[in-house]
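If you want the building blocks of each chain, they are given just below.
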Amino acid sequence: MTTKMAINAKDIFRNQHRMIKFIAQSIRLCSNQSLKAAQAAQQLQKTSVDFEITASVNTQYTHAPEPVKHDKDLGHLFKASQLTVRLATPQQLQPKPDNDEELGFGRLFTDHMLKIYYHKSLGGWQKPEITPLENLVMHPAAKVLHYAVELFEGMKAYRGVDGKIRIFRPDMNMARMNLAAQRSGLPTFEGKEFVQCLSRLLTIDSEWVPHTDTASLYIRPTLIGIDPTLGVASSDSALLYAILSPVGSYFKTGSSGAVSLLADPAYTRAWPGGVGNRKMGSNYAPTINVQKEAASRGLQQVLWLYGEDHQLTEVGTMNIFMFYVNDQGEQELITPPLSGLILPGITRDSILNMTRQWGKFKVREANITMPMVCELLNQGRLLELFGAGTACVVSPVNRINYLGQDLYVPTMEQEKPVHELIRETLTNIQYGRVDHPWSMVID
């Protein structure tokens, strides 16, 4: 190959990302226009709705997360303006899925990742960088490998009906991540700066965001302690990184679209004074064997109970909601309070804010027990039971195996189920059908 040919080839490879993006956008243009036209037609056909969220958020129900309080000896913070980018070579690019609607969960990953190191000895946070997706290299004594000094978040990027990419309430994820960092002895950071870095990563791998409203791009920010010392203490070195994965449905449900649960009081997910309210890896490893037991009984997920009165805490990795008729004959939506036993889910918070703003039924945070569930079922007053979380949005429950008996919940038998109204409202915001402050557009 001549020198001139090599230079030309290098120019082609350097601009391949722009060319691929341009071609893909041109191909998708017609489908996006069709999607917008179909949406407009649907809006014209809509004569009335029972519940509707406006383009504003009532501050009576919604509050911004408090700013993070950094330790005095944290050192300097990273800024998005310091971000550097190293694009993948042609050999490193991964084939994209042929069918977005048949995606599993967390099996495929995009071409790039975001990495930010922290070293106390070097003054604090280092400059953020986007690199090709690659394996991590760490010392075998790294604290994450021995003491589970690790935490993560779950977010999603959605391709809207207008073709724009959006993420949902990222400030909530950043606030929750920093709280977990403080609890783990890991360094905190400025959430807004990290979201800006994430936005750049999403722009680079934008064609990995599925072109459908039945799938999305999962974002997994992770913070790990990498200090190479054997000792149970704070880690003076850490790595904050993010990887992306195109995903479809999280759960494999039955033909009804609902999930079945194992509720066994012999197993406990969290306890007072623990870290059940933080998104740490140490919360999840002990649940895997119980999940296998549920599967062996033909059940999809685990309903985690706590205490002598068998309080409902979480369902799988989701928060739990119950819609029922209370003692006063009123319809009521109830979910367990943030007592330290459950994760303060962003979807959970959004559902509470939305439904309180609707004002169509009572909304309350209070303990739910299995004896209460059984009594309501016997009296015909339990209407719906469903889980809620980033991965699944809303997941209805139709059966609980409790103390050897199957309890059948009429969630899917309601004429106008509340969980469907909630799912529709949330996804309308996430996919840009409704302009809303909770949805952040990626430029």
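Residues numbered from 1 in each chain as written. Predicted model: local features only at pLDDT ≥ 70, side-chain atom pairs only at ≥ 80, totals over all residues. Heavy atoms only, no water.

Enquirer: Would you mind going over helix H4 (residues 170-184) with me for this structure?
Expert: In an α-helix, one turn spans 3.6 residues; hence positions three or four apart end up facing the same way. If you check H4, its first and last C-alpha atoms are 21 Å apart, about what 15 residues at 1.5 Å a residue would give, namely 21 Å. Positive phi appears at Gly185, one or two residues downstream of H4, with a value of about 70°. (Helix = DSSP H or I, 4+ residues; strand = E, 2+ residues; numbered from the N terminus. Expected span 1.5 Å × (residues − 1).)

Enquirer: I keep staring at the packing of H4 against helix H5 (residues 191-204) and nothing clicks. Help me out?
Expert: To characterise two packed helices, one gives the angle between the axes of the helices and the distance between these axes. Between H4 and H5, the least distance of the axes is 9 Å, while the angle of their chain directions is 120°. With respect to H5, the axis of H4 lies oblique. Handedness of the crossing formed by H4 with H5: right-handed. Mapping the contact onto sequence places Pro170, Met174 and Asn178 in H4 and Gly191, Phe194 and Val195 in H5. Split by residue class, the contact of H4 with H5 holds four nonpolar, two polar and no charged. (Axes fitted to C-alpha atoms, helices over the stretch in contact; angles between N-to-C directions. Parallel < 35°, antiparallel > 145°, perpendicular 65-115°, else oblique. Left-handed = near helix turned anticlockwise from the far one by under 90°. Contact = heavy atoms within 4.5 Å. Nonpolar A, V, L, I, M, F, W, Y, C, P; charged D, E, K, R; others polar.)

Enquirer: Quick question: what am I supposed to make of the nonpolar core here?
Expert: Core analysis: the biggest nonpolar cluster contains 40 residues, and Leu114, Trp125, Phe194, Leu223 and Leu240 have the highest contact counts within it. The set of elements that each furnish at least two residues to this core consists of strand E2 (112-119), strand E6 (155-159), strand E7 (165-168), H4, H5, strand E8 (216-225) and strand E9 (237-247). Examining the composition of this core, we find that seven residues originate from one element, H5, more than from any other. The next biggest cluster of nonpolar side chains, apart from the first, holds 26 residues, and it includes Leu261, Ile320, Tyr324 and Ala366. (Core = buried A, V, L, I, M, F, W, Y, C linked by side-chain atoms within 4.5 Å. Buried < 20%, exposed > 50% of the residue type's maximum accessible area, 1.4 Å probe, protein only.)

Enquirer: Hey, could you run me through the packing of aromatic side chains in this one?
Expert: Two numbers describe a pair of aromatic rings. These are the distance of the centres and the angle of the planes. Within this structure, the stated rule accounts for eleven aromatic pairs. Arranged with centres 5.1 Å apart and planes meeting at 75°, the rings of Tyr158 and Tyr431 form a pair that is edge-to-face. Here Tyr158, found in strand E6, pairs with Tyr431, found in the loop between helix H9 (418-430) and strand E19 (439-442); they are 273 residues apart in sequence, far enough to count as distant. Across the pair, exposure class does not vary: Tyr158 and Tyr431 are buried alike. (Phe/Tyr/Trp six-rings, centres within 6.5 Å; stacked < 30°, edge-to-face > 60°.)

Enquirer: How should I be thinking about the pattern of salt bridges in this particular structure?
Expert: Close approach of charged atoms lets side chains of opposite charge pair. Applying the stated criterion across every chain, the model contains 17 salt bridges. Between Glu365 and Arg348 there is a salt bridge, with the nearest N and O atoms lying 2.6 Å from each other. Of this pair, Glu365 sits in strand E15 (residues 362-365) while Arg348 sits in helix H7 (residues 346-358); the two residues are 17 residues apart in sequence, bridging distant segments of the chain. The exposure class of Glu365 is partly exposed, given its relative accessible area of 32%. (Salt bridge = Lys/Arg side-chain N within 4 Å of Asp/Glu carboxyl O.)

Enquirer: For this particular structure, what's the right way to read a nonpolar patch on the surface?
Expert: On the surface, Tyr147, Leu230 and Val232 cluster together into a nonpolar patch covering about 340 Å² of accessible area. Positionally, Val232 belongs in the loop between E8 and E9. (Patch = residues over 30% accessible without salt bridge, like charges linked within 9 Å, V, L, I, M, F, W, Y side chains within 5 Å. Areas by Shrake-Rupley, 256 points an atom, 1.4 Å probe, with all protein chains shown as cover.)

Enquirer: Whenever I open this one, the pairing of E6 confuses me. Can you help?
Expert: Regular strands place their side chains on alternate faces of the sheet. Most of E6 is tucked away: five of the five residues are buried. Neither face of E6 is open: one carries Met155, Ala157 and Arg159, the other Lys156 and Tyr158, and all of them are buried. Pairing of E6 with E8 involves three bridges; the strand directions are antiparallel. The residue bridging Lys156 from the neighbouring strand is Tyr218, located in E8. Linking two consecutive strands that pair antiparallel, namely E6 and E7, is a turn of five residues; a positive phi of about 85° is found at Gly163 within it. (Pairing = 2+ DSSP bridges.)

Enquirer: Please explain the confidence of the model for the protein as it appears in this structure.
Expert: Fine structural detail should not be taken from predicted coordinates in areas where pLDDT scores are low. On average, residues of the protein score 88 in pLDDT, and 84% of them reach the 70 mark or higher. Overall, residues 9-15 carries pLDDT values under 50, and its contacts beyond four positions in sequence, including any with other chains, amount to one contact. Counted against residues more than four places away or in other chains, residues 20-51, with its pLDDT under 50, gives 18 contacts. (pLDDT = per-residue confidence, 0-100.)

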